[in-house]
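Tertiary structure, described
One letter stands for each residue in the lines below.
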Protein chains: 2
Amino acid sequence: MARAATTADAFNAVAEPRRRQILDLLAGGERPVNDLVARLELAQPLVSKHLRVLREVGLVDVRDEGRQRMYRLNGRPLKAIHDWVKDYEQSWTQRFDRLDVVLEQLKDMEDGDGSDK
Amino acid sequence: MARAATTADAFNAVAEPRRRQILDLLAGGERPVNDLVARLELAQPLVSKHLRVLREVGLVDVRDEGRQRMYRLNGRPLKAIHDWVKDYEQSWTQRFDRLDVVLEQLKDMEDGDGSDK
DNA sequence: GAATCATATGTCCATATCGGAATATGTCAA
DNA sequence: TTGACATATTCCGATATGGACATATGATTC
């Protein structure tokens, strides 16, 4: 098996920075492809491809407006990500004041210091 | 260019479900590889490879303990993800009470309803 | 030193990616 | 109809994946 498809879920879709940029732009409101192409300074086909991925994961919705296609953000699939990460919030917020942990870390630093074995 | 490496950043590292499972397990405390292999019911080399990715992104730290290697969670790199997603929280929390939005959505549903063109 | 346990690395395969270039589809305007 | 504009799709190449399998490295015990 190879790596999971980018369309497998929001996690994979959002792993690509350009796709995050697109969502960031759409967070400011509905926009036609054209507009995104201009702002991202990316080739039009690329933008269309990224939008396809986002569509398949449900992160954006489309609406036809004449010859333009208006894309709109749909953040719902991001909830899964948020729900997962939020449980780790303490892991970077916490103060390391437990003595045993601190000692363990100091010990690691010494060990890793690479004297000539 | 191909897809970004899984070791490019936390976003990519965490896109793989098994890697998330590993972090979830480590959230419960330091664990040797062995332990993870048993709990994940995954081939040992696979677990080692996933751990490598997590290590390269800084999501886990290792410590040698005799012939075992104790892996420990380091959530800090997840902050970037949290910071990004949290701005979208309202996008799935919000009540759709703006009339224009509601109408737009209804219109889309009709349009998409696929009568014969 | 030899055997054993714990972990890491290397090779192979099938698959899917992102990007670029060219081209197809679809809509409006003259 | 013809042409211009907006967007999507297809084909290509380079790359990296996750998994299976075999093997290497490293520490411990006998």
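Assigned secondary structure in chain A consists of 7 helices and 3 strands. Counted from the first residue to the last, chain A has its helices and strands arranged as α-α-β-α-α-β-β-α-α-α. Nonlocal contacts in chain A, meaning residues at least 24 apart in sequence, comprise 46% of its contacts between residues at least 6 apart. Accessible area of chain A: about 7,300 Å², with a carbon and sulfur share of 49%.

Here we come to the side chain of Asn12(A). Within the element layout of this structure, Asn12(A) appears in helix H1 (residues 10-13). Side-chain polar atoms of Asn12(A) contact the backbone oxygen of Ala15(B), separated by 3.4 Å. The contact partners of Asn12(A), leaving out residues within four places of it in the chain, are Ala4(A), Ala5(A), Thr6(A), Arg19(A), Arg3(B) and Ala15(B).

What follows is about empty space enclosed by the protein. One pass over the structure, following the stated rule, counts 3 cavities of 30 Å³ or more. For the largest cavity, the calculated volume is near 70 Å³. Taken together, Arg3(A), Ala4(A), Asn12(A), Ala15(A), Arg3(B), Thr6(B), Asn12(B), Ala15(B), Glu16(B), Pro17(B) and Arg19(B) make up the lining of the largest cavity.

The next subject is the nonpolar core. Ranked by size, the top nonpolar core spans 54 residues in total, and within it Leu23(A), Leu78(A), Ile81(A), Leu23(B), Leu59(B), Leu78(B) and Ile81(B) carry the most contacts. Leaving out residues up to four positions away in the same chain, Leu59(B) has contacts with Ala10(B), Ala13(B), Val14(B), Leu23(B), Leu54(B), Arg72(B), Leu73(B), Asn74(B), Pro77(B) and Leu78(B).

Before going further, it helps to spend a moment on the relation of the copies chain A and chain B. Each of the two chain copies can be generated from the other by rotation about an axis followed by a shift along it. The two copies are related by a screw operation: chain A maps onto chain B through 180 degrees of rotation and 0.0 Å of translation along the axis, at an RMSD of 0.0 Å. This pairing of chains is accounted for by a two-fold axis.

This paragraph deals with the pairing of strand E3 (residues 68-73) of chain B. All names here are of chain B. Here strand E1 (residues 31-32) pairs with E3 via 2 bridges, running antiparallel. Bridge pairing links Pro32 to Met70 in E3. Direction of pairing for strand E2 (residues 60-65) relative to E3: antiparallel, over a ladder of 6 bridges. Counterpart to Asp64 in the pairing with E3 is Arg69. The turn joining E2 and E3, which pair antiparallel and follow one another in sequence, is formed by 2 residues; a positive phi near 65 degrees is taken by Gly66.

Looking now at the interface of chain A and chain B. Put simply, an interface is often sized by how much accessible area is lost when its parts join up. At the junction of the two partners, chain A supplies 35 residues and chain B supplies 36 residues. Together, the buried faces of chain A and chain B total about 3,300 Å²; carbon and sulfur atoms form 58% of this surface. Where chain A packs against chain B, one counts 0 salt bridges. Applying the counting criterion to the chain A and chain B interface returns 10 residue pairs in polar contact (both at pLDDT 80 or more). Every element with two or more residues in the side of chain A that touches chain B is listed here: H1, helix H2 (17-26), strand E2 (60-65), strand E3 (68-73), helix H5 (78-86), helix H6 (89-93) and helix H7 (99-111) of chain A. With 7 residues, the top contributor of residues to the side of chain A that touches chain B is H5(A). Its residues placed into classes, the side of chain A that touches chain B shows 15 nonpolar, 6 polar and 14 charged.

This brings us to the protein's contact with DNA strand C. Surveying the vicinity of DNA strand C reveals 27 residues, the closest of which are Arg18(A), Lys49(A), Met1(B), Ser48(B) and Tyr71(B). Atoms of DNA strand C within 4 Å of the protein: sugar and phosphate make up 63%, bases the balance. Measuring from a phosphate oxygen of DNA strand C, one finds a side-chain N or O atom of Thr6(A) at 3.3 Å. Within the backbone of Val33(B), an N or O atom sits 3.2 Å from a phosphate oxygen of DNA strand C. For the surface near DNA strand C, the elements supplying multiple residues, two or more each, are H2 and helix H4 (44-57) of chain A together with helix H3 (33-40), helix H4 (44-57) and E3 of chain B. With 5 residues, the top contributor of residues to the surface near DNA strand C is H4(B). Split by residue class, the surface near DNA strand C holds 10 nonpolar, 7 polar and 10 charged.

Rules behind the numbers
Residues numbered from 1 in each chain as written. Chains lettered and ligands numbered in written order. Predicted model: local features only at pLDDT ≥ 70, side-chain atom pairs only at ≥ 80, totals over all residues. Heavy atoms only, no water. Helix = DSSP H or I, 4+ residues; strand = E, 2+ residues; numbered from the N terminus. Contact = heavy atoms within 4.5 Å. Areas by Shrake-Rupley, 256 points an atom, 1.4 Å probe, with all protein chains shown as cover. Polar contact = N/O pair within 3.5 Å; in protein donor to acceptor, adjacent residues only side chain to side chain. 1 Å grid on protein atoms, 1.4 Å probe; cavity = no way out; pocket = protein on both sides within 12 Å on 5 of 7 lines; lining within 4 Å. Points joined across faces, edges and corners; volume = space filled by probe spheres on them. Core = buried A, V, L, I, M, F, W, Y, C linked by side-chain atoms within 4.5 Å. Buried < 20%, exposed > 50% of the residue type's maximum accessible area, 1.4 Å probe, protein only. Least-squares fit on C-alpha atoms with pLDDT ≥ 70 in both. Pairing = 2+ DSSP bridges. Buried area = accessible area lost by both parts, 1.4 Å probe. Salt bridge = Lys/Arg side-chain N within 4 Å of Asp/Glu carboxyl O. Nonpolar A, V, L, I, M, F, W, Y, C, P; charged D, E, K, R; others polar. Near = heavy atom within 4 Å.

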